[in-house]
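One-letter residues, chain by chain:
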Amino acid sequence: MEKRDELYAGKAKSIFATDDPDLLIMHFRDDTSAFDGEKLEQLERKGLVNNKFNAFIMSRLRDAGVPVHFERLLGDQESLVKRLDMIPVECVVRNFAAGGLVRRLGVEEGRELSPATYELFLKNDALHDPLINESVSITLGYATEQQLEEAKALSFKVNEVLTAIFRDAGILLVDYKLEFGVHNGQLMLGDEFSPDGARLWDAETREKLDKDRFRKGLGGVIEAYEEVGRRIGVTFD
Ligand SMILES: Nc1ncnc2c1ncn2[C@@H]1O[C@H](COP(=O)(O)OP(=O)(O)O)[C@@H](O)[C@H]1O
Ligand SMILES: [Mg+2]
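Along every chain, residues carry numbers that run from 1 in the direction the sequence is written. Whichever chain is written first is A, and whichever ligand is written first is 1; the rest continue in order. Only residues with pLDDT of at least 70 are given local features in this predicted model, and only at 80 or more are side-chain atom pairs given and counted; all residues enter the totals for whole chains, interfaces and linings. Only hydrogens and water are removed before side-chain values are computed, so all heavy atoms of the structure are retained for them.

In these notes, residues near a molecule or strand are those with any non-hydrogen atom within 4 Å of it. Around ligand 1 there are 17 residues in total, and Tyr8, Ala12, Lys13, Lys123 and Glu179 lie nearest to it. Pairs of N or O atoms within 3.5 Å make up the polar contacts considered here, provided that, within protein, one atom can donate a hydrogen while the other can accept it, and that residues adjacent in sequence are counted only when both atoms are side-chain atoms. One nitrogen or oxygen atom from the side chain of histidine 69 is found 2.8 Å from a nitrogen atom belonging to ligand 1. If ligand 1 stood free it would expose 540 Å²; the protein chains cover 89% of that surface. Strands are runs of DSSP state E lasting at least 2 residues, helices are runs of H or I lasting at least 4, and numbering of each runs from the N terminus. Going through the elements one at a time, strand E2 (13-18), strand E3 (23-28) and strand E7 (78-82) are the ones with two or more residues in the shell around ligand 1. Counting the residues that make up the shell around ligand 1, at least three belong to each of domain 1 (3-82) and domain 2 (85-221). Surface exposure here means Shrake-Rupley accessible area, sampled with a 1.4 Å probe, where a residue is shielded only by the protein chains that are shown. What counts as a domain boundary in this text is fixed by an automatic or database domain assignment.

This is how it looks when you write it as structure tokens:
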């Protein structure tokens, strides 16, 4: 697999072309950002930790029948993925109230949400990822009705699989964001699943073990990511 030009550098990852037009290399950098890119820092080992965390989760999802872009690990900070035409919509599933839901609706943080909620946000930092819905997405051409239906079904399938994995490790899967894209006409899960895009709390103490540690300046960010990984069975070295 030959690595070619950098196609895109996002807030946390860089995407490279390969000699195969169907495949891309996703490079996880140590950069950490929050508040739509306003707070930016380098955290040592973050690229490695998120790359291996994501590889583990994507493999478990694939085993459970979820179509995923992840092909294989290439190195400490790189994975091979299928090239997708990304849908610019972030799909968010919540099992407990936190973050934006608490701010918008005044719900008490930590309240269990049953059944789990499902929200769509436009992926647009300049607009601060505004809340949208299926009707807006269809009319403005972000996605088709069928893609949105499939993305929703897959988002809940992911919830079933991952809630169980984290529960068995004494961790609450509070909420998470997924990005989907299309490869050869098939909708599949793209981007990453890591503590950067999910809220994960210790089930006993409700200690935050995810990117909220960075947002709130609590410290021990990567240590927490590794602790979660270690508990679910990710190997980092
Ligand atoms: N398989 C894929 N094919 C093409 N683009 C992808 C794929 N998976 C993720 N992406 C996109 O690559 C970028 C990943 O880098 P990231 O640092 O997360 O960027 P951003 O700041 O835009 O969120 C995202 O824009 C994401 O939508
Ligand atoms: Mg991103």
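Picking up where we left off.
This next bit is on the sheet that holds E7. What makes two strands pair is DSSP finding at least two bridges between them. Reading across from one edge, E1-E2-E3-E7-E6 is the order of the five strands in this open sheet, with antiparallel pairing throughout. A strand with exactly one partner marks an edge of an open sheet, and here the two such strands are strand E1 (3-9) and strand E6 (70-75). Ignoring strand direction, the axes of neighbouring strands in this sheet form an average angle of 30°. One ladder, built from four bridges, connects E1 with E2; its direction is antiparallel. Along E2, the bridge assignment pairs alanine 9 with serine 14. We call two residues in contact whenever any of their non-hydrogen atoms come within 4.5 Å of each other. Angular values range over 0 to 180 degrees, each being the angle between N-to-C directions of two axes fitted as lines to C-alpha atoms, with helices fitted over their stretch in contact. On the sheet, helix H1 (residues 46-63) packs against E3, E6 and E7 and is oriented at approximately 150° with respect to E6.

Moving on, we come to the packing of H1 against helix H4 (residues 145-167). Contact geometry of H1 with H4 gives a least axis separation of 10 Å together with a crossing angle of 120°. Looking at the two axes, H1 sits oblique to H4. Handedness of the H1/H4 crossing: right-handed. Where H1 abuts H4, its residues Phe53, Ile57, Arg60 and Leu61 lie against Val158, Val161, Leu162, Ile165 and Phe166. Tallied by class, residues from the contact of H1 with H4 come to eight nonpolar, no polar and one charged. Angle categories: roughly parallel below 35 degrees, roughly antiparallel above 145, roughly perpendicular from 65 to 115, and oblique for all the rest. Each crossing gets its hand from how the near helix is turned against the far one by less than a right angle, where anticlockwise is left-handed and clockwise is right-handed. Charged means Asp, Glu, Lys or Arg here, nonpolar means Ala, Val, Leu, Ile, Met, Phe, Trp, Tyr, Cys or Pro, and polar covers whatever is left, Gly included.

The next thing to look at is the pairing of strand E5 (residues 39-42). Pairing of strand E4 (residues 31-34) with E5, which is carried by four bridges, proceeds in the antiparallel orientation. Opposite serine 33, over in E5, you have leucine 40 as the bridge partner. Here E4 hands over to E5 after four residues, with phenylalanine 35 in that stretch at a positive phi of 55°.

Domain annotation for the protein chain reports domain 1 (3-82) and domain 2 (85-221). Between domain 1 and domain 2, the residue contacts involve 28 residues of the former and 28 residues of the latter. Here domain 1 and domain 2 share an interface that buries about 2,600 Å² over both sides, 66% of which is from carbon and sulfur atoms. The term salt bridge refers to a side-chain nitrogen of Lys or Arg lying within 4 Å of a carboxyl oxygen of Asp or Glu. One can count four salt bridges joining domain 1 with domain 2. As a salt-bridge pair, lysine 46 and aspartate 196 come within 2.6 Å of each other at their nearest N and O atoms. Applying the counting rule to domain 1 against domain 2 returns 13 residue pairs in polar contact (both at pLDDT 80 or more). For the side of domain 1 that touches domain 2, the secondary-structure elements that each account for two or more residues are E3, E4, E5 and H1. Sort the elements by how many residues they give to the side of domain 1 that touches domain 2 and H1 lands first, with eight residues. Throughout, buried area stands for the accessible area (probe radius 1.4 Å) lost by two parts on being put together, summed over both.

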